[in-house]
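# Tertiary structure, described
The residues making up each chain are set out below.
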Amino acid sequence: MDLNAKTLPPMPLTMEGSWVLHQMIRFDWAAWRGVPTDVAETMVANFAAMFDKMGSDKSALFSLVGHKGDFMAVHFRLRLDDLNDAEVAVTKSALGDFMEVVHSYVSVVELGLYESSVKLYQAMLERGVEPHSEDWNKEIADTLERQRAAMSTRLFPDIPPARYICFYPMDRRRGEHKNWYMLPIQERQRQMHEHGMVGRRYAGEVRQIITGSTGFDNWEWGVTLFAEEPLVFKKLIYEMRFDEVSAMYAEFGEFFTGIRRQTSELAALLAIAE
Amino acid sequence: MDLNAKTLPPMPLTMEGSWVLHQMIRFDWAAWRGVPTDVAETMVANFAAMFDKMGSDKSALFSLVGHKGDFMAVHFRLRLDDLNDAEVAVTKSALGDFMEVVHSYVSVVELGLYESSVKLYQAMLERGVEPHSEDWNKEIADTLERQRAAMSTRLFPDIPPARYICFYPMDRRRGEHKNWYMLPIQERQRQMHEHGMVGRRYAGEVRQIITGSTGFDNWEWGVTLFAEEPLVFKKLIYEMRFDEVSAMYAEFGEFFTGIRRQTSELAALLAIAE
Amino acid sequence: MDLNAKTLPPMPLTMEGSWVLHQMIRFDWAAWRGVPTDVAETMVANFAAMFDKMGSDKSALFSLVGHKGDFMAVHFRLRLDDLNDAEVAVTKSALGDFMEVVHSYVSVVELGLYESSVKLYQAMLERGVEPHSEDWNKEIADTLERQRAAMSTRLFPDIPPARYICFYPMDRRRGEHKNWYMLPIQERQRQMHEHGMVGRRYAGEVRQIITGSTGFDNWEWGVTLFAEEPLVFKKLIYEMRFDEVSAMYAEFGEFFTGIRRQTSELAALLAIAE
Amino acid sequence: MDLNAKTLPPMPLTMEGSWVLHQMIRFDWAAWRGVPTDVAETMVANFAAMFDKMGSDKSALFSLVGHKGDFMAVHFRLRLDDLNDAEVAVTKSALGDFMEVVHSYVSVVELGLYESSVKLYQAMLERGVEPHSEDWNKEIADTLERQRAAMSTRLFPDIPPARYICFYPMDRRRGEHKNWYMLPIQERQRQMHEHGMVGRRYAGEVRQIITGSTGFDNWEWGVTLFAEEPLVFKKLIYEMRFDEVSAMYAEFGEFFTGIRRQTSELAALLAIAE
Amino acid sequence: MDLNAKTLPPMPLTMEGSWVLHQMIRFDWAAWRGVPTDVAETMVANFAAMFDKMGSDKSALFSLVGHKGDFMAVHFRLRLDDLNDAEVAVTKSALGDFMEVVHSYVSVVELGLYESSVKLYQAMLERGVEPHSEDWNKEIADTLERQRAAMSTRLFPDIPPARYICFYPMDRRRGEHKNWYMLPIQERQRQMHEHGMVGRRYAGEVRQIITGSTGFDNWEWGVTLFAEEPLVFKKLIYEMRFDEVSAMYAEFGEFFTGIRRQTSELAALLAIAE
C-alpha cells in the first residue's frame, strides 16, 4: 500500500480554548477635560471596579504607543457570548462615552497539531481507516479529548502579567504561485516545525499566544506576544521572518504595541493637570 | 461529433430567490445616554414593534462582536424594492437616529446549478441544439422553471433561527495565471463538487445560504452561515480553505460574527445602568 | 507591402457625447428630524422644483440600496461646466445641507469604434497614408464627423426612464503578464466584438451606457445599466465575466444599485412619521 | 574599450524649478449658510485679496468636479517654505474655517534629461572620466548650469491661464517581472523619447507640467495638464496609455478635474440664494 | 569543510538604540479661532515650556507641508515607556485639545551589521562553533557589546538640528518570485553594501537615521532624513531607487516632508490675524 503525501487529508487538527477580544480604544481627551473632577473620579472608579470584577487574568488594559489608540483592552473568555458581554460593559460604562473602539480583533486560542495530525492520519491510513468515516472521526475525537485535557492550561490561559504586549493578525499566503494551502500537509508540518524551533529559543523571554480567527475576523490568525522587555518582540519577529514559512507564506496586518496598565493606575493616567 | 470541453457555454445556470440585505450598525451610546428613560423606552418599543411586524423569519437582529458594529440586521425579501423599504424603515425610526449603518451588503439567494448545467448543455449540443438559439433558451427556461418549483424553499428560505451568524463576501480569483473564469465549465463543476462534499459533512451543524451579488455589490457572492455553536464556523471554513477551489480561486472580504437577539431583548440590550 | 498587426496605431477611435456625473449622497436623517414640518416641506419643494427644472431626461434621482448612500443623482450634460453647475445647485440648496456627497464619478459618454478604426487604419496604410500625417488626421476627422452625426442620439442620450440602475467603474488590466494595452488593436477588436455579442442578447432588457473617464476620474470607464427588472444586471454581468476580455482584462470598482425616484415622490421619501 | 549599456550610471539627470502644492478643498456649505451676509462678504473679500496678492500666475483656484473637493488651489513657489506659507495663509484665513483640505500633493517642477544624460555619460566614459569622480561631478554641474539658464522659463513657469486643469500622481512600476528601475538607462531613454513624440502631437492643445515628488509625497511624479477644452485630457492620456512606457511601467493615483475660477468670481460662487 | 552560502544563519545582527516616535498632527484652526487671545497665549506658552523641558535634542517640532498634518512631532527616548509619556504629555496639554494625532510611527534606532555578521558567522563556523550554541551566543553578545560602546552616539543620537525633515516607512519585498528574506545573507550584504556606497556620497548633505519597527508598527523600517536643503531628499532617494536593493526589494509607505520649527516660533505660527 502506497501512502504518498497527497493521500493525507490536508487540514491539520486544531484545539480551541478561550475566546479572545482585542479592543483598540481612542480616548476623547478634549471632551474629558470638560468633565467636573468629582464626576470624572466616579466614572474612573466605576470603570476600574468593573474591570477588576472581570479579573486581571481575564481582562487587561494596556496603553497603546502611537495614534492607533490610547488604550488596548484584551479579554479572554470561555464563550463568544462572554466577549460580547465584555465589550458591551465597556461601551455602556460612563467612561465608555469617552472611548471610541476604533479597531478590534475576534479570535479563539488555537493549538495547531501538525505533528500529531500527520502521525495520526498516517497511522489510520495504514490501518485502512477511511478518511471521514465514523471510525476515523471517533479516533480523532478521542485523540483531541486526550490532548485537550493535557493542554487545558495552554488552551485556557490567564493573560500573562508581562509589562509589554505586541499584537498582529496574519494570513498564510494563497498566491498564484506560492500557495500555503496547496502544499502537502507533511511539507507544512516540516516548515511549522522549523518555525517552532526558532520560537523555542525565545521561550524564556516571550510568551506567545496564537489565536485562530478564520471565520470570525478578517485574518486567519492573531499573534499576541507578552514580554518584560519590548525589544525582544523585534528580535523574535525579525528572526522568524527568515523562516521559509514566514518569508514565503506569511502576510501580516497592523502591529500594535502596548504597555500594561493596572486599573489602580487609571485615575492617574486619565488625570489632566490644570 | 466531437464535443470537447471548450464547446460548452461557460456560464453555469443559476436560480435566484430572496433578496438579502445585511446592515452593520454602529450605535451612538454617548448620545443615547442623554435620552430620558421614558422617551428611550418608547423608541425601543416602537423599533421592536416595527421589526416584529417585518417577521422574525424575514428580518433578524444580531449583536456583532468587535468594533465593526454593535448590531447587524439581516433582511430577506421578495423584491429589491422591499430591501430598500426595510432599510428606510430602520433609518427613519426614532431609534435609527442613534444608529449609523457603517457597512452593508446587497445580494440575492442564488442556487448554482453546475451539475445540471453541464449535463443539459452537453445533451443539447449532442442533439444539435445551437447555443443561445430559441430552442436552447426555451429548454433552459423549462429546466429552470421545474427546478425553481422543486427548490422554492431553498430559494425563499426563512432566516434560520440559529443563535450564531457568520457573514463574509467573496470573489473567484481572476489572476494573471490562475483565473477561475478561464477554466472550462467541467473543471469548475468538478472543483465545486468536491467543495460541496466538504460542506455536506457539516450539514447537520451549519446552515449555509449562498447569495449572488455580481452587479449589486462589491463582491461576487455573499456567504451567510448559521449555527448553534460558533466554533463550527472556523472548522468549516478552515477545512474548506484546503479545497482547490478555495485555496486557489477564492478571495475573501471582511468577516462578521454575530449573536442572535430577539426584539424582546432589545430593551435590556440598550438599557444603560445608572 | 507587408502590413502586419504591429503597424496599426494602437489607439481605437472614440466619439464623445454628454458629460455625466454620478453623485452618491448620504442623507442626515437625525438632523432632518429636527426641522419643523413647514420648513422641511419648503426645502423639499424647492429641491424638487430645481431638479424638475433640470429635466428628468438630464438629471435623475435614485434610492441607493445599502449603506453606500441614501440617494444617487445622475446628471447628463453638454459641457463639463454644466456638471459643475448641477453639483453646485445640489450643494447650495437648503436640502443640500442634509446631503453629504460621499462618492461621485465624472465621465463622458463614449462610443468606441474598434471595428471602424481597424478598417480605416488598414485602408489608409494600404493607400500609403502615413499615420498622424495631415492626410491621416483629416480622413479620421471626416470619418468621425460622419459617424457623430449618425450616432448623435447615442452620444447625447436622455437618461433612460427605467426603474433600476446599476453603476460601476472599471479598468482594463495592465498586469505584468496580461496587459490589455500591449495587445495589437486587432486582437482587442476581436475580444471586444465577442463581448458585444453577449451584450446584444440582453439588448431588449438592459440599456447600457458606456462612459470614458481616463483623465477625469480614478478608473478608465464607467458602466451604467438601466432595466425594468434588477436581476438582469446580475445575469448580464455574470455572463460577460466569462468573456476573455472581462475574465482576463477587466478590473472593477464598487457597484451601486439604485431604484428610480420621481421628484414627486421626494416629499413622501423624506417624510418622517411621528 | 567596450561601453555596454550596463556601464552607464542608471539615474538620468534632472533639473528642478518651482515648488508646487496642490490643495483639494471641501467647503462646509451647511455652516456657511449660517454666516450673516455682511460677515460672509468680508471673509470672501479678504480671502480674494489674499489670493490676489499671491499673484494669479503663482496661485490659482479651480472648481473641482465631483466629491473629491469643492475647490483645488494650486501654488507655484520658489522655495518649499513658501508652499507652507501659502497653505498656512489659506488655513488661517477666516474663510479657511469653512475649508477642509482633504487631499494635497507636494512636488517640484522637474525636467528629466534622459537624452543629454545618456550622451554626457557616454562621452565622459569614452574620455575615461570615472563616474562620481570630481571631474565627473564638475562636468555634470556645468552641464546642468548651462541648461538651467536656457530652460529657466520651463523650470519656473507661471501657472498657465487655461480654463481646465487635470492633475494625477504616478509611479514607474517596480514589479517582480517588469521593473522600470532595472532597465538600462538607454532603454528607458528610448521609451521616454517615444512617449514624448505622442505628447508633442498635443503641444498646441495641452500644456503639461511634470513635477517630481520622490521623497516629498506618496508618488514619484505629479502630472498637471492645462487646456482650454477638457476632452483633450482624455484623448492625450488615452493615446499615451498605449505607449510601452505607460502600458507597462505606469501606475496612476487619483485623477482630479477642475475648472479655473478667478478670485473675482468667488463671491458669486459662494453666494447662497435664499 | 565546505561552508557554502546556505549554511550561514540568515538574520544579520542589529544593534538598537533610542526609541523613536513620529506624530503627525492636524490642528483645529476653526476651534482655535474661538479661543480668547490671553487663554490661547497661555496654552501656547505652556505647550512650548513642556516641549522645551523635553529638550530640543530629544523632541522636535516641524511644520508638515500638505494635508497629512499641520505639524509633526518627533521624539527620541531611552525607553518605549518614555515615548508613551511624550505622547500623553502632548495629548493631555490644553493645546493638545486642538491637535488630532492623525498618524504616527513607532520604531527604534537600528544599526544593521551585515558586514560584521557575515564575517563573524563565517569565522565561528570555521572554528566549528555551532549556531545558537552557548559559545555562539556568547561570542555574538561580546561582539555586540563592543560595537555598542563604539557606536553609542549613532545609537543614541540627538535629533539633528537641520531645517528640513523627510520621513517614510518601508518594507523589504516578500514577493512570490523576488523575496528579500529568501536571499542568502551574503547576497543581501552585497546589495546593502552597494546601497551604502550611494548614501555615502550624500553624507555631507543628508543625515540619515534608520529605525527598525518590525513588531512595533506596520512597516519593517522607518527612514528619517535631515538636511539644510530639501531638494537633496529627492536626489538621494531617486538615485538610491536604481540600486538593486531598492529597485527590486523596497516597498514604501507614505512620505512626510517637514520644516523645523522652534518652540519660540509657536506663538507666531498659531497666531491668527484678525
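## Quick look at the overall build of chain A
Broken down by element type, chain A carries 10 helices and 9 strands. Taken over the C-alpha atoms alone, chain A extends approximately 80 × 40 × 35 Å along its principal axes. Split into buried and exposed, the 274 residues of chain A put 60% on the buried side. Considering only contacts in chain A between residues 6 or more positions apart, those separated by 24 or more positions represent 79%. About 10,900 Å² of surface is accessible on chain A, with carbon and sulfur atoms providing 52% of the total.

## Examining the relation of the copies chain B and chain C
Taken together, a rotation about one axis and a shift along it account for how the two chain copies relate. For the pair chain B and chain C, the relating rotation is 72°, the translation along its axis is 0.0 Å, and the fit reaches an RMSD of 0.0 Å. What we have between these two chains is a five-fold relation. Mapped onto chain C, only 7% of the interface residues of chain B are again interface residues, and the two copies thus contact each other with different surfaces.

## A look at the interface of chain B and chain C
A common way to express how large an interface is: the accessible area buried when the components associate. On the chain C side, the residues contacting the 43 residues of chain B number 46 residues. Of the roughly 3,900 Å² buried at the junction of chain B and chain C (both faces included), carbon and sulfur atoms supply 57%. In this structure, the connection of chain B to chain C is made through 7 salt bridges. For the pair chain B and chain C, the number of links is 29 residue pairs in polar contact (both at pLDDT 80 or more). For the side of chain B that touches chain C, the secondary-structure elements that each account for two or more residues are β1 (13-27), α3 (80-92) and β4 (99-113) of chain B.

## Quick word on unusual backbone geometry
All names here are of chain A. Of note, H132 is a non-glycine position whose phi angle comes to about 70°, a positive value. Its place among the elements puts H132 in the loop between α4 (114-126) and α5 (134-150). Looking at H132, the relative accessible area reads 33%, which means it is partly exposed.

## Structural notes on the interface of chain B and chain A
Listed by partner, the interface residues are 46 residues for chain B and 43 residues for chain A. When chain B packs against chain A, the two sides together hide about 3,900 Å² of surface, and 57% of this comes from carbon and sulfur. By the criterion of area lost to chain A, the three top residues of chain B are B:K234, B:Y238 and B:F242, representing 20% of everything that side buries. In this assembly, chain B and chain A are joined by 7 salt bridges. The partner of B:K234 in a salt bridge is A:E16, and the shortest N-O contact between them spans 2.5 Å. Between the two partners, chain B and chain A, sit 31 residue pairs in polar contact (both at pLDDT 80 or more).

## Here's the deal with the pairing of strand β7 (residues 221-227) of chain C
Residues and elements named next belong to chain C. Along β7, 7 of the 7 residues are buried, which leaves the element largely enclosed by surrounding structure. Taking every second residue as pointing to the same face, both faces of β7 are buried, with W221, V223, L225 and A227 on one and G222, T224 and F226 on the other. Pairing of strand β6 (residues 206-212) with β7, which is carried by 7 bridges, proceeds in the antiparallel orientation. Each bridged residue has a counterpart across the sheet, and for R207 the counterpart in β7 is F226.

## Examining the environment of B:W19
When you line up the elements, B:W19 lands in strand β1. When its relative accessible area of 4% is taken as the criterion, B:W19 is described as buried. Those residues within four positions of B:W19 in sequence are excluded, and the remaining contacts are B:H75, B:F76, B:R77, B:L78, B:R79, B:L80, B:L83, B:S107, B:V108, B:F216, C:P230 and C:L231.

## Here we look at the pattern of salt bridges
For the coordinates displayed, the defined rule picks out 80 salt bridges over all chains. Through salt bridges that share partners, A:E16, A:E110, B:K234 and B:K235 make up one connected network.

## Notes on the arrangement of the chains
In this view chain A stays clear of chain D, with the nearest C-alpha atoms of the two still 13 Å from each other. The two units chain C and chain E never meet; even their closest C-alpha atoms stay 13 Å apart.

## A short note on the environment of A:F76
All names here are of chain A. By secondary structure assignment, the location of F76 is in strand β3 (residues 71-77). Residue F76 is classed as buried on the basis of its relative accessible area of 2%. For F76 and D57, which are 19 residues apart along the polypeptide, the C-alpha to C-alpha distance reads 8.1 Å. If we skip the residues at most four places from it in the chain, F76 touches S18, W19, V20, K58, P157, D158, I159 and I209.

## Quick notes on the pairing of strand β3 (residues 71-77) of chain B
Residue and element names in this part refer to chain B. Extensive coverage of β3 is indicated by the burial of 7 of its 7 residues. Burial along β3 is two-sided: F71, A73, H75 and R77 facing one way and M72, V74 and F76 facing the other are all buried. Here 5 bridges tie strand β2 (residues 59-64) to β3, and the two strands are oriented antiparallel to one another. Within the sheet, the bridge partner assigned to S63 lies in β3 and is F71.

## Some words on helix α3 (residues 80-92) of chain A
Residue and element names in this part refer to chain A. In this model α3 runs 19 Å from its N-terminal to its C-terminal C-alpha over 13 residues, within 8% of the 18 Å that 1.5 Å per residue would give. Of all 13 residues in α3, 10 are buried, a share of seventy percent or more. For α3, the set of buried residues is L80, D81, D82, L83, N84, A86, E87, V90, T91 and K92.

## A short note on the packing of helix α7 (residues 185-201) of chain A against helix α8 (residues 231-240) of chain A
All names here are of chain A. At a minimum axis separation of 10 Å, α7 and α8 run at an interaxial angle of 160°. Taken together, α7 and α8 sit at an angle that is classed as roughly antiparallel. Of the two elements, α7 crosses α8, and the hand of that crossing is right-handed. Where α7 approaches α8, its residues H195, V198, G199 and R201 are matched on the opposing element by L236, E239 and M240. When its residues are assigned to classes, the contact of α7 with α8 shows 3 nonpolar, 2 polar and 2 charged.

## What about helix α8 (residues 231-240) of chain D?
Every α-helix winds through 3.6 residues per turn, so residues three or four apart in the chain are directed the same way. In terms of burial, α8(D) is a largely internal element, 9 of the 10 residues being buried. Taken as a whole, α8(D) has its buried residues at D:L231, D:V232, D:F233, D:K234, D:L236, D:I237, D:Y238, D:E239 and D:M240.

## So, the nonpolar core
In terms of nonpolar packing, the biggest core is built from 56 residues, with D:L80, E:Y121, E:I140, E:Y168, E:L225 and E:F233 touching the most fellow members. Residue contacts for E:Y168: discarding those within four places in its chain leaves E:W221, E:G222, E:V223, E:L225, E:I237, E:F252, E:E254 and E:F255.

## A look at the environment of C:H177
Here C:H177 shows up in the loop between β5 (164-172) and α7 (185-201). Here the alpha-carbon distance between C:H177 and C:S104, two residues 73 residues apart in the chain, equals 32 Å. Those residues in contact with C:H177 that lie beyond four places of it in its chain are B:E176, B:H177 and D:H177.

## Quick notes on the packing of aromatic side chains
By convention here, two paired aromatic rings are described through the distance between centres and the angle between planes. Residues and elements named next belong to chain E. As enumerated under the stated definition, the model contains 85 aromatic pairs over all chains in all. Pairing Y105 with F167 gives two aromatic rings, centres 5.5 Å apart and planes at 50°, and the pair type is tilted. Pair noted here: Y105 is in strand β4 (residues 99-112) and F167 is in strand β5 (residues 164-172), with a separation of 62 residues, a long-range link. F167 matches Y105 in its accessibility class, with the two residues each being buried. Consider the rings of W180 and Y249, whose centres lie 5.5 Å apart with planes at 55°: the pair is tilted.

## Looking at the side chain of C:T211
All names here are of chain C. You can see T211 is positioned in strand β6. For T211, a relative accessible area of 1% translates into the label buried. At a separation of 2.8 Å, a polar atom in the side chain of T211 contacts the side chain of S107. Contacts of T211, omitting those with residues within four sequence positions, involve V20, S107, V108, V109, E110, E220, W221 and G222.

## Brief notes about the confidence of the model for chain A
Considering every residue of chain A, the mean pLDDT works out to 96; 97% of them sit at 70 or more. Across the predicted assembly, pTM comes out at 0.97 and ipTM at 0.96.

## Topic: the side chain of B:S107
Residues and elements named next belong to chain B. Following the sequence through the fold, S107 ends up in strand β4. Looking at S107, the relative accessible area reads 0%, which means it is buried. Contacts of S107, omitting those with residues within four sequence positions, involve S18, W19, V20, T211, G212 and S213.

Conventions adopted
Residues numbered from 1 in each chain as written. Chains lettered and ligands numbered in written order. Predicted model: local features only at pLDDT ≥ 70, side-chain atom pairs only at ≥ 80, totals over all residues. Heavy atoms only, no water. Helix = DSSP H or I, 4+ residues; strand = E, 2+ residues; numbered from the N terminus. Buried < 20%, exposed > 50% of the residue type's maximum accessible area, 1.4 Å probe, protein only. Contact = heavy atoms within 4.5 Å. Areas by Shrake-Rupley, 256 points an atom, 1.4 Å probe, with all protein chains shown as cover. Least-squares fit on C-alpha atoms with pLDDT ≥ 70 in both. Buried area = accessible area lost by both parts, 1.4 Å probe. Salt bridge = Lys/Arg side-chain N within 4 Å of Asp/Glu carboxyl O. Polar contact = N/O pair within 3.5 Å; in protein donor to acceptor, adjacent residues only side chain to side chain. Pairing = 2+ DSSP bridges. Expected span 1.5 Å × (residues − 1). Axes fitted to C-alpha atoms, helices over the stretch in contact; angles between N-to-C directions. Parallel < 35°, antiparallel > 145°, perpendicular 65-115°, else oblique. Left-handed = near helix turned anticlockwise from the far one by under 90°. Nonpolar A, V, L, I, M, F, W, Y, C, P; charged D, E, K, R; others polar. Core = buried A, V, L, I, M, F, W, Y, C linked by side-chain atoms within 4.5 Å. Phe/Tyr/Trp six-rings, centres within 6.5 Å; stacked < 30°, edge-to-face > 60°. pLDDT = per-residue confidence, 0-100.

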